[in-house]
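Spelled out, the chains give:
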Amino acid sequence: MYQAPRGTTDILPHDQAYWRYVEKEVVNICRLYGYQRIDTPVFEDAGLFVRSIGEETDIVEKETYSFRDRSGDLLTLRPEGTAPVCRAYLEHGMHNLPQPVRLYYITPLFRYERPQAGRYRQHWQFGFEGLGSSDPALDAEVINMACGLYRHLGLRDMVLKLNSIGCRNCRPQYLKSLREYYSRKVHLLCADCKRRLERNALRLLDCKEESCFPLTEQAPKSSEYLCTECKGHFDFLKKYLVILGLEFDLDHRLVRGLDYYTKTVFEIYPPGEKGAQSTVGGGGRYDNLIEEIGGQPTPAVGFATGMERMILNLKRQNISAPTLPQPTAFVAFLGQEAKDKAVAYAAQMRREGISVILASGNRSLKAQLRHANGLGAACAIIIGEEELREGMIVWRDMVKGEQQRLSFEDALSLVRSRESGGES
Ligand code: HAM
């Protein structure tokens, strides 16, 4: 027996109500803020992700699904959505459009991670990017939009964490202090962090190992090393967040797991949780990314949130999704001649836009009606031998369990009123 590959899940019909609910709110929030949908390929040139996410990150070092295709090109299944959007922005000359360009995506991503609750090897993300503006008001907009989405979904008490990790000008000085601090504690570091100390010191703050985590408490804070421009940007952002009425916790350990960030970084957690695995969404500014993949310097900021993690938290907070529409009518029949009629009636109803399930096989009427009940059909049209002889049908209200003999035309007007949400 084959099974879904480890770390992947099937989204079964009974779970679709949650997915459609979240998608509907996503589309609604994007409409409110004027973000337009973009879809990029599932795989990209492997180099795009190495250049953008960073060679020394867990994602690129350990988690990408990369392969050579038949012509020998090295490709990677998309592990995140920001770099592909930047690639498309450049490739299609979107810098010529009025800036910032606001884009969003809902897309599956692939990371070879250790699967556990809320962590998959294929997961879905809703992400949005504002490209072509350095205005801190755009950072505030992105954060407000993220918080707004969770609020619209009904999620309560989400915690917003915020930090600024500076830019090319001020970060080197900060990294120097960080390295000096950790060099004095090198004997306490895990093997990964010993390596990070040499190659990517910012990542030291991100380590969740028990031996390393306490050291982050006393580590130098990036916010204390910001240059005038970065500090000004951060102060404006905080001011806008206050104007928007958004509460936030400043967290100097927040650096994010991808290397492209500059200045603003933020993450959103469900109430009472801290670990990286529980993050519902995260984002930040990435002012150098477009330049690093071959474009002109183009400031940008964005955010992404896991669809599965949103749904997990909806369930944890006992928030149910609106039920999806059920079929309006079920057509049941007895015998071949009645079946011929049923096929024609079902087709006629569908031509009128009525959702219809036609019974299949040659089961007893009782079994067919049980099926109709299970599907949640509002009404049934039953064609028995007697009805066939008299040119009538039996119309059954599946909710009340009442039935009457009618002409098909009369039944059709009743069904029509059901389709439009009427009582009878
Ligand atoms: P990220 O923090 O790597 O950021 O992922 C964003 C969100 O995707 C996480 O907060 C989490 O909800 C979800 N997620 C990540 N990995 C998994 C997984 N293995 N299983 C389930 N859910 C997961 C980014 O990817 C950036 N591109 C976000 C961004 C957009 N920054 C700027 N613009």
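Everything numeric here is computed off the predicted structure, so don't read it as measured data.

Rules behind the numbers
Residues numbered from 1 in each chain as written. Predicted model: local features only at pLDDT ≥ 70, side-chain atom pairs only at ≥ 80, totals over all residues. Heavy atoms only, no water. Pairing = 2+ DSSP bridges. Helix = DSSP H or I, 4+ residues; strand = E, 2+ residues; numbered from the N terminus. Axes fitted to C-alpha atoms, helices over the stretch in contact; angles between N-to-C directions. Buried < 20%, exposed > 50% of the residue type's maximum accessible area, 1.4 Å probe, protein only. Domains from an automatic or database assignment. 1 Å grid on protein atoms, 1.4 Å probe; cavity = no way out; pocket = protein on both sides within 12 Å on 5 of 7 lines; lining within 4 Å. Points joined across faces, edges and corners; volume = space filled by probe spheres on them. Nonpolar A, V, L, I, M, F, W, Y, C, P; charged D, E, K, R; others polar. Near = heavy atom within 4 Å. Polar contact = N/O pair within 3.5 Å; in protein donor to acceptor, adjacent residues only side chain to side chain. Areas by Shrake-Rupley, 256 points an atom, 1.4 Å probe, with all protein chains shown as cover. Phe/Tyr/Trp six-rings, centres within 6.5 Å; stacked < 30°, edge-to-face > 60°. Lys NZ or Arg CZ within 6 Å of the ring centre and 35° of its normal.

Caption draft 1: The arrangement of the sheet that holds strand S2 (residues 43-45) in detail. Strands sit in the order S2-S4-S3 across an open sheet of 3 strands; the sheet is antiparallel. What marks the edges here is a single partner per strand, and that holds for S2 and strand S3 (66-68). Direction aside, neighbouring strands of the sheet carry axes that sit 35 degrees apart on average. Of the pairings in the sheet, the one linking S3 to strand S4 (residues 74-77) comprises 3 bridges and is antiparallel in character. The residue of S4 that forms the bridge with Phe 67 is Leu 75.

Caption draft 2: Focus on unusual backbone geometry. Look at the link from Gln 99 to Pro 100: it is a cis peptide, with omega at -5 degrees. Considering the arrangement of structural elements, one finds Pro 100 in the loop between helix H4 (82-91) and strand S5 (101-110). One non-glycine residue, Asp 157, lies in the positive phi region at around 60 degrees. Tracing the backbone through its elements, the reader meets Asp 157 in the loop between helix H5 (136-153) and strand S7 (159-164). Among the residues examined, Asp 157 registers a relative accessible area of 59% and is labelled exposed.

Caption draft 3: Here's a closer look at the domain arrangement of the protein chain. Here the protein chain is described as being made up of domain 1 (13-170 + 226-316) and domain 2 (329-419). Domain 1 and domain 2 are separated by 50 Å when their C-alpha centres are compared.

Caption draft 4: Region of the structure containing the layout of surface pockets. Each pocket or cavity is described by its volume, and for the second largest pocket that value is around 430 Å³. Along the walls of the second largest pocket sit 26 residues, with Arg 171, Asp 259, Tyr 260, Tyr 261 and Glu 292 positioned nearest its centre. Breaking the lining of the second largest pocket down by element, the ones donating at least two residues are helix H2 (46-53), helix H6 (171-183) and helix H10 (289-292). Tallying contributions element by element places H6 first for the lining of the second largest pocket, with 4 residues. Across the lining of the second largest pocket, the residue classes break down as 11 nonpolar, 5 polar and 10 charged.

Caption draft 5: Representation of the site of the ligand in the model. Around the ligand sit 27 residues, and of these Glu 80, Glu 113, Glu 129, Tyr 261 and Val 280 come closest. Tyr 120 has a polar backbone atom sitting 2.8 Å from a nitrogen atom of the ligand. Within the side chain of Gln 125, one N or O atom sits 3.0 Å away from an oxygen atom of the ligand. Summarising the interface, the protein chains cover 96% of the accessible area of the ligand, which totals 660 Å² for the free molecule.

Caption draft 6: The arrangement of the packing of aromatic side chains in detail. A full pass over the atoms with the stated rule returns 15 aromatic pairs. With a centroid separation of 6.1 Å and an interplanar angle of 75 degrees, the aromatic rings of Tyr 104 and Phe 126 are classed as edge-to-face. With Tyr 104 in strand S5 and Phe 126 in strand S6 (residues 122-131), the pair connects residues that are 22 residues apart, well separated along the chain. A residue is classified by how much of its surface remains accessible, and Phe 126, at 0% relative accessible area, is buried. Ring centres of Phe 126 and Phe 128 lie 5.3 Å apart, and the angle between their planes is 40 degrees; this geometry places the pair in the tilted category. Pair check on accessibility: Phe 126 and Phe 128 agree, each one buried. The residue whose ring lies beneath Arg 121 is Tyr 112, and the NZ or CZ to ring-centre distance is 3.9 Å. Here the basic side chain of Lys 161 rests over the ring of Tyr 269, its NZ or CZ set 4.9 Å away from the ring centre.

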